[in-house]
Amino acid sequence: MKHTLLILATLLCCSFGTSEKTTTTQANGTVYICTGPQSKRYHCDRYCQGLSSCSKSVIAVSIDKARKMGRTPCKWCY
């Protein structure tokens, strides 16, 4: 039951208010990335569903740095 609620909350978080989060991210320039070796995306929200399977840590970086690292926007939160 807790697992189902967590998934539902994550989906709602990433589905609604996306444009607001995107605007906030672009305004302050901070995005979140997983430091795992297979990670390829950046995220507007630290708690995005796309980060739920991160095998290492999640860190905040500038959007410019994420792009220079070859990261592309997450399809869940952008």
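Below is a short write-up of the structure.

Points about the overall build of the chain
Thinking step 1. Along the backbone of the chain there are three helices and four strands.
Thinking step 2. Overall, the chain shows an N-to-C arrangement of helices and strands of α-α-β-β-β-α-β.
Thinking step 3. Within the chain, contacts between residues separated by at least 24 positions form 66% of all contacts whose residues are at least 6 apart in sequence.
Thinking step 4. Put simply, the chain shows about 5300 Å² of open surface, and 57% of that area lies on carbon and sulfur atoms.

A word on the side chain of Arg-71
Thinking step 1. Structurally, Arg-71 is set in the loop between α3 (63–68) and β4 (72–73).
Thinking step 2. Summary of buried charges: Arg-71 has no salt-bridge partner, and the nearest side chain of opposite charge, Asp-64, is 14 Å away.
Thinking step 3. Side-chain polar atoms of Arg-71 contact the backbone oxygen of Arg-41, separated by 3.5 Å.
Thinking step 4. Residue contacts for Arg-71: discarding those within four places in its chain leaves Ile-33, Cys-34, Ser-39, Lys-40, Arg-41, Tyr-42 and Ala-66.

A few points about the state of the cysteines
Thinking step 1. One pass over the structure, following the stated rule, counts one disulfide.
Thinking step 2. Here Cys-34 connects covalently by a disulfide to Cys-54, the sulfurs 2.1 Å from one another. The chirality of the disulfide connecting Cys-34 with Cys-54 is right-handed, given an S-S dihedral of about 85°. Taken together, the residues span a long stretch of sequence, with Cys-34 in strand β1 (residues 30–34) and Cys-54 in the loop between β2 (41–42) and β3 (58–62) at a distance of 20 residues.
Thinking step 3. The exposure class assigned to Cys-34 is buried, which follows from its relative accessible area of 7%.
Thinking step 4. Free of any disulfide, Cys-48 has its nearest neighbouring cysteine sulfur in Cys-74, separated by 3.7 Å.
Thinking step 5. The exposure class of Cys-48 is buried, given its relative accessible area of 2%.

Remarks on the layout of surface pockets
Thinking step 1. Within this model, the largest pocket holds a volume of roughly 240 Å³.
Thinking step 2. Lining the largest pocket are 16 residues; nearest its centre among them are Cys-34, Gln-38, Ser-39, Gly-50 and Ser-53.

Conventions and cut-offs
Residues numbered from 1 in each chain as written. Predicted model: local features only at pLDDT ≥ 70, side-chain atom pairs only at ≥ 80, totals over all residues. Heavy atoms only, no water. Helix = DSSP H or I, 4+ residues; strand = E, 2+ residues; numbered from the N terminus. Contact = heavy atoms within 4.5 Å. Areas by Shrake-Rupley, 256 points an atom, 1.4 Å probe, with all protein chains shown as cover. Buried < 20%, exposed > 50% of the residue type's maximum accessible area, 1.4 Å probe, protein only. Lys, Arg positive; Asp, Glu negative; His and termini not counted. Salt bridge = Lys/Arg side-chain N within 4 Å of Asp/Glu carboxyl O. Polar contact = N/O pair within 3.5 Å; in protein donor to acceptor, adjacent residues only side chain to side chain. Disulfide = S-S within 2.5 Å. 1 Å grid on protein atoms, 1.4 Å probe; cavity = no way out; pocket = protein on both sides within 12 Å on 5 of 7 lines; lining within 4 Å. Points joined across faces, edges and corners; volume = space filled by probe spheres on them.

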